[in-house]
Amino acid sequence: MISKFSQIAQIMLTLLLVAFFVLPMWSQEILTTVILPTKVTQMVPEVSNKNDQLFEISGIRKGRQRVMTAFVQLEYNLNTIPENAIVDSWGISVYLAEMGDESKVQTVKMNLAADPNTSIAQVEVGSENLNAGSNDLTVSTNGNKSWLTNQNGKLAVQLRSTKQNFKYYTTPYTVPSNFINKQPRLVINYYMPPMMAESNWPQAKNNPQHTGQSIWKSNVRPSGMNISEVVDFGNSFMMGKPVIYDGLLVFHYQDASAPKFRMVAYGTDGQLVMSNNQIEGVVNFQPAIDHKGRLYCVVANSTLKILNLNNRMSLLKTIPLKAQVRATPVIGYDGSIYLSTKNGIHAYTPLPDVRLKWKYSSGDNRFGSVALSEDEKTVYVINGETGKLLALNNKDGSRKWAAGNFLGYKNEIPVPQVKGDRIIALDGIQKGKRFSIIDASGRIVMETNEARTEIYSLAAIGTKYAYMINDKAFNAYSLTDGTLARSSYIIESLGLNPASSLVVDGNDLVFVLNFEDKKQALTVFDGDCNLLFNYKLPVSTPNLADEHLVLAPDGNLFTDSRGKLFAFKPVINQKDVNLNAFRDHHVYRAGSKLNVQSSTLEKANNVILYSGKTISFQPGFKVQQGAKLTCKIGY
């Protein structure tokens, strides 16, 4: 409990949540999610509120006693906490709309509905320091670590006051537009076991969730590439690049015959696995997929359809949007939905509710797709009107800072990319004149001088460097200080071009696809900018379109050319591989035979075995419950 108001003032009225326990040795990134109440009840209904859009908490003095006259109960659905999440800390964040003048110190108590006489947290707030209409207070909890997740999916909290002549108002469940960002929020800090984090998320180029990076590593480096046709759509054509989920290539395409608009999922072998033929309109922008296999499609700019890839692409929910969407949707790990619309950035709660939790608007509301910090506490987006990179607080949509200069784009607004506490942005969607690295406080770490021509490619982010093509050279810029750490020498025959697409895997191997006519090639560098090989596409390959390159967890890459979808499959020199142990998020490859010795795949591991001909398991091999093993044969 915080007992002195000076402590509150020093941290600007936002009280830090208290950690319940020490993290295990495999400590993960602490993530944050926000849950809105499903119901807000005025527990003394005869109270006449000064503002009927708000609920009142108040108390009066009767003789020597202080008596509560009005209090509020908040009810939350805990089922939206990510599956398998381990709660680290939590608290209630409420909006203080008005305070009385007679009480100098106010105690707000949070009581569990299961035990209404026991206070689990209380905070003293001085009325002289809380200005009416602008206050946000987080009440922290310090109970048992498992309490929140042992409530059968429900939490009821009571906000009470026993001070005299004091009135405190909180926002209701049905929130008018001007109070959207001030709803009473349950703020939960959590972390995920290693195997649960991002293992199946899409790995698509320009996808702001992953920025073209695959976290998967491999036991061997490829020595070359082969290209093969996966799907030929004939008179039909793809709309946008594919998204990868659990071995599926998911995308929207328009058929020459009815029904015209379709969402489809193909296997990497080119076989149609599932489809939804009832989209009833063009799917604008690239769809997004969360880690539970839920597909989010913006239809005709004004409707959000959510499909279930784990149930034959069945429709889960249709959400009419009040504003037209302008950029690719983004899905947080907790399932929150972020849309850039003509009315501003709109953030929605996860399924099943999908309610507007906050919005941010500025000027003419020309925003690109957002990118989330790794802990999901901050939303980054470029303002297309000012050219500034904005950092928004993901709890309520308030602005933290604005920095940089990204006005060089022509049509689409650039998308920032995030790695740790670094944000990288180019002043173009695919290539540009200015490249910047900014830290999480808004400080510009590095900013290039504006060039006369568009010579910078969009960067791919590795472990230590941001990789990009500068004119004709492949360069690595340090994420720490922005210095040009390493550079390849210029090889004219490679035909490196800033318009090429770059992706990087967990080994910091960088794949560069050049789309120029008669120079089409896939060039591969290691993390130190050393050339590994340059695979020139066969002359018979059609001109590739739209600069799409997608990297799958198994190491295969995909690109499209209008009505055709192609796969790049690595060539492995190491024909036979004996495997004695496993590491999480690894793909183990063999050109011919993969022999798995007596070993155990532990529950915290997600592993892919990929062999050209055979995979054999020796006696004693075990897979613990909770582990994930995928086997693939043939190139």
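Peer 1: Let's hear about the overall build of the protein chain: which residues, and what values?
Peer 2: The helix and strand tally for the protein chain stands at one helix and 55 strands. Contacts in the protein chain between residues far apart in sequence, at least 24 positions, make up 55% of those at least 6 positions apart. As presented, the protein chain carries roughly 26,300 Å² of accessible surface, and 46% of it is formed by carbon and sulfur atoms.

Peer 1: Now, about the sheet that holds strand 47 (residues 564-571): what can you tell me, with residues and values included?
Peer 2: Sheet architecture is open: four strands sit in the order 14-47-46-45, paired in antiparallel fashion. The open sheet has two edge strands with one neighbour each: strand 14 (224-232) and strand 45 (550-551). Of the strand pairs in this sheet, strand 46 (residues 557-561) and strand 47 are connected by five bridges, and their pairing is antiparallel. Counterpart to Asp-560 in the pairing with strand 47 is Leu-565.

Peer 1: Now, about the nonpolar core: what can you tell me, with residues and values included?
Peer 2: By size, the foremost hydrophobic cluster in this structure holds 23 residues, and its most contacted members are Leu-74, Tyr-76, Ile-92, Leu-155, Leu-186 and Ile-188. By residue number, the principal contributor to this core is strand 6 (residues 86-96), which donates four residues. If you look at the next biggest cluster of nonpolar residues, it comprises 18 residues, including Phe-515, Leu-537, Leu-557 and Phe-568.

Peer 1: Before we move on, can you summarise the packing of aromatic side chains with the specific residues and values?
Peer 2: All chains considered together, the criterion is met by 14 aromatic pairs. Ring centres of Phe-435 and Tyr-477 lie 5.5 Å apart, and the angle between their planes is 50 degrees; this geometry places the pair in the tilted category. With Phe-435 in strand 34 (residues 435-439) and Tyr-477 in strand 39 (residues 473-478), the pair connects residues that are 42 residues apart, well separated along the chain. Neither Phe-435 nor Tyr-477 differs from the other in exposure class; each is buried. A centroid spacing of 4.1 Å and a plane angle of 10 degrees characterise the contact between Phe-474 and Phe-525, whose relative ring orientation is stacked. Taken together, the residues span a long stretch of sequence, with Phe-474 in strand 39 and Phe-525 in strand 43 (residues 521-525) at a distance of 51 residues. The structure contains a cluster of three or more aromatic residues connected by ring pairs, namely Phe-233, Phe-251, Tyr-253 and Tyr-266.

Peer 1: Go over the confidence of the model for the protein chain, please, and point to the residues and values.
Peer 2: Looking at the protein chain, the pLDDT average stands at 78 and 76% of residues meet or exceed 70. Overall, residues 101-106 carries pLDDT values under 50, and its contacts beyond four positions in sequence, including any with other chains, amount to 20 contacts. The low-confidence segment residues 126-134 (pLDDT under 50) makes 23 contacts with residues lying over four places distant or belonging to another chain.

Peer 1: Give a description of the pattern of salt bridges that names residues and reports values.
Peer 2: With the rule as written, the count across this model stands at 11 salt bridges. Note that Lys-564 and Glu-229 form a salt bridge whose closest N and O atoms lie 3.5 Å from each other. On the criterion of sequence distance, the pair formed by Lys-564 in strand 47 and Glu-229 in strand 14 is long-range, its members being 335 residues apart. Lys-564 gets classed as partly exposed once you look at its relative accessible area, which sits at 25%. You can call Glu-229 partly exposed: its relative accessible area is 43%.

Peer 1: Talk me through the pairing of strand 46; I want residue IDs and the actual numbers.
Peer 2: By the criterion of burial, strand 46 is predominantly enclosed, with five of the five residues buried. Neither face of strand 46 is open: one carries Leu-557, Thr-559 and Ser-561, the other Phe-558 and Asp-560, and all of them are buried. The pairing of strand 45 with strand 46 spans two bridges and is classified as antiparallel. Looking at the pairing, Leu-551 lines up with Leu-557 of strand 46. Hairpin connection of strand 45 to strand 46: five residues between the antiparallel strands, including Gly-555 at a positive phi of 95 degrees.

Peer 1: Can you explain the sheet that holds strand 27 (residues 371-372)? Please cite residues and give values.
Peer 2: Spatially, the four strands line up as an open sheet ordered 27-28-29-30, and their pairing is antiparallel. At either margin of the open sheet sits one strand with a lone partner, and together these are strand 27 and strand 30 (399-403). By the bridge criterion, two bridges tie strand 27 to strand 28 (residues 378-382) in an arrangement that is antiparallel. Along strand 28, the bridge assignment pairs Ala-371 with Tyr-380.

Peer 1: Account for the environment of Glu-376, with residues named and values stated.
Peer 2: By the secondary structure assignment, Glu-376 is in the loop between strand 27 and strand 28. Classification of Glu-376 as buried rests on a relative accessible area of 6%. With 18 residues separating them in the primary sequence, Glu-376 and Asn-394 have C-alpha atoms 7.1 Å apart. Side-chain polar atoms of Glu-376 contact the backbone nitrogen of Tyr-333, separated by 2.5 Å.

Peer 1: Describe the pairing of strand 20 (residues 294-299), and please don't skip the residues or the numbers.
Peer 2: For a regular strand, side-chain orientation follows a simple rule: the groups alternate between the two sheet faces. Where burial is concerned, most of strand 20 is hidden: six out of the six residues are buried. Of the two faces of strand 20, the one carrying Arg-294, Tyr-296 and Val-298 and the one carrying Leu-295, Cys-297 and Val-299 are both buried. Where strand 19 (residues 283-289) meets strand 20, four bridges bridge the pair, whose relative direction is antiparallel. Each residue of the ladder has a partner; that of Val-283, found in strand 20, is Val-299. The turn joining strand 19 and strand 20, which pair antiparallel and follow one another in sequence, is formed by four residues; a positive phi near 80 degrees is taken by Gly-293. Across six bridges, the pairing between strand 20 and strand 21 (residues 303-308) is antiparallel. Bridged to Arg-294 within strand 21 is Asn-308. Connecting the antiparallel pair strand 20 and strand 21 is a turn made up of three residues, with Ala-300 showing a positive phi of about 50 degrees.

Peer 1: Describe the side chain of Asn-556, naming the residues involved and giving the relevant values.
Peer 2: Here Asn-556 lies in the loop between strand 45 and strand 46. For Asn-556, the side chain forms a polar contact with the side chain of Tyr-610, separated by 3.0 Å. Not counting the four nearest positions on each side in its chain, Asn-556 is found in contact with Val-550, Leu-551, Phe-568, Lys-569, Pro-570, Arg-589 and Tyr-610.

Peer 1: Run through unusual backbone geometry, naming residues and quoting values.
Peer 2: Note the cis peptide between Ala-258 and Pro-259, where omega equals -5 degrees. Along the polypeptide, Pro-259 turns up in the loop between strand 16 (248-254) and strand 17 (261-267). The omega angle of the peptide bond from Leu-351 to Pro-352 is 5 degrees, so this bond is cis rather than trans. Turning to its location among the elements, Pro-352 is positioned in the loop between strand 25 (344-348) and strand 26 (356-360). Residue Arg-312 is not a glycine yet carries a positive backbone phi of 60 degrees.

About the cut-offs
All residue numbers refer to position in the chain's written sequence, counted from 1. Thresholds applied to this predicted model are a pLDDT of at least 70 for local features of residues and 80 or more for the giving and counting of side-chain atom pairs; totals over whole chains, interfaces and linings are not thresholded and use all residues. Water and hydrogen atoms were dropped before computing side-chain values, which therefore reflect all heavy atoms in the structure. Runs of E in the DSSP output that reach at least two residues are strands. Runs of H or I that reach at least four are helices, and both are numbered from the N terminus. Contact between two residues is taken to exist if any of their heavy atoms lie within 4.5 Å; hydrogens are not considered. A 1.4 Å probe and the Shrake-Rupley method give the accessible areas. Residues count as covered only by the protein chains that appear here. Whether two strands pair depends on DSSP finding at least two bridges between them. Think of a nonpolar core as a cluster: buried Ala, Val, Leu, Ile, Met, Phe, Trp, Tyr and Cys residues, connected wherever their side-chain atoms sit within 4.5 Å. For each residue, the accessible area found with a 1.4 Å probe, counting protein chains only, is set against the maximum for its type, and the residue is called buried under 20%, exposed over 50%, and partly exposed in between. Put simply, two rings from Phe, Tyr or Trp (the six-membered ring, in Trp's case) pair if the centres are within 6.5 Å, and we call them stacked under 30 degrees between planes, edge-to-face over 60, tilted for the rest. Known as pLDDT, the predictor's confidence for each residue is given on a scale from 0 to 100. Any carboxyl oxygen of Asp or Glu within 4 Å of a side-chain nitrogen of Lys or Arg constitutes a salt bridge here. Identification of polar contacts relies on pairs of N or O atoms within 3.5 Å, with a donor-acceptor requirement for protein atoms, meaning one able to donate a hydrogen and the other able to accept it, and with residues adjacent in sequence counted only if both atoms are side-chain atoms.

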